[in-house]
Each structure stands twice: as C-alpha cells, then as structure tokens.
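Summary of structural features
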Amino acid sequence: MTERQLIQEILNTVDLIYTFEDVDEDASEYTILVTQQDGDRRSLETVNSEMKHYFQEANFDYKEELHPTNATTAADIRVVIKRN
C-alpha cells in the first residue's frame, strides 16, 4: 500500500470528505483539506482527535488547523502530515 493509499484509507475510516491541497511525495509530506459530511454529529474536535490517532499510529507527524482561513477551498480542518 502506498502512503497516499494509506492516507485515503485513514480518512475513509474516519468517514470524511477530503482533498489534497499540496502533495510532496518525495518528502512524504501531504497537506489535506477535510470537511465533515452533512449529518455528522461528532464535534470537530472529536473528528480531529480520531484522525490524529490514526495518523500517529501510522507513524505520521500531524499538525492541524481547525477552521483554516487561507485554504484554497472551504474546509473544516487543514492537516499537514509527514511520514516519520
């Protein structure tokens, strides 16, 4: 499984809508814009906590920004992950 496939698997497990804002596969660094699905009753903090858990378990550094103001498209969370 490639890193990108692993990332997609994690985001699908947490059941989120996402787009890759920036990808640097050579450096194993990815910036992802995440949006909760309509009808998702979890708080944004809970969603972020679930994502963080899975990414850290998969040996990614994880840096998040809730309600990003300068995203290329509307998003609830911007996540920058990098493989350790």
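Structure's up top.
Residues numbered from 1 in each chain as written. Predicted model: local features only at pLDDT ≥ 70, side-chain atom pairs only at ≥ 80, totals over all residues. Heavy atoms only, no water.

With antiparallel pairing, 4 strands are arranged side by side in an open sheet as β1-β2-β4-β3. Whereas interior strands pair on both sides, the edge strands pair on one side only; in this sheet they are β1 (17-24) and β3 (60-66). Averaged over neighbouring strand pairs, the angle between their axes works out to 20° when direction is ignored. On the sheet, helix α1 (residues 3-14) packs against β1, β2 (29-35), β3 and β4 (77-83) and is oriented at approximately 155° with respect to β1. Across the sheet, helix α2 (residues 44-57) touches β2, β3 and β4, and the angle it forms with β3 is around 165°. (Pairing = 2+ DSSP bridges. Helix = DSSP H or I, 4+ residues; strand = E, 2+ residues; numbered from the N terminus. Axes fitted to C-alpha atoms, helices over the stretch in contact; angles between N-to-C directions. Contact = heavy atoms within 4.5 Å.)

As a further point, take the pattern of salt bridges. With the rule as written, the count across this model stands at 5 salt bridges. Between E21 and R78 there is a salt bridge; the shortest N-O distance is 2.9 Å. A residue pair is termed long-range when its members are at least 10 positions apart, and E21 in strand β1 and R78 in strand β4 qualify at 57 residues. Residue R42 pairs with E50 through a salt bridge whose shortest N-O separation is 2.7 Å. Taking the relative accessible area as the measure of exposure, R42 reaches 24% and is therefore partly exposed. (Salt bridge = Lys/Arg side-chain N within 4 Å of Asp/Glu carboxyl O. Buried < 20%, exposed > 50% of the residue type's maximum accessible area, 1.4 Å probe, protein only.)

Judged by nonpolar contacts, the single largest core of 18 residues is most densely connected at I7, L11, V34, M51, F55 and I81. Elements represented by at least two residues in this core include exactly α1, β2, α2, β3 and β4. Sequence-distant contacts of M51, that is, excluding residues within four places in its chain, are made with L11, V14, L16, V34, Y62, I77 and V79. (Core = buried A, V, L, I, M, F, W, Y, C linked by side-chain atoms within 4.5 Å.)

So far we have only geometry, and geometry alone does not tell us how the molecule works.
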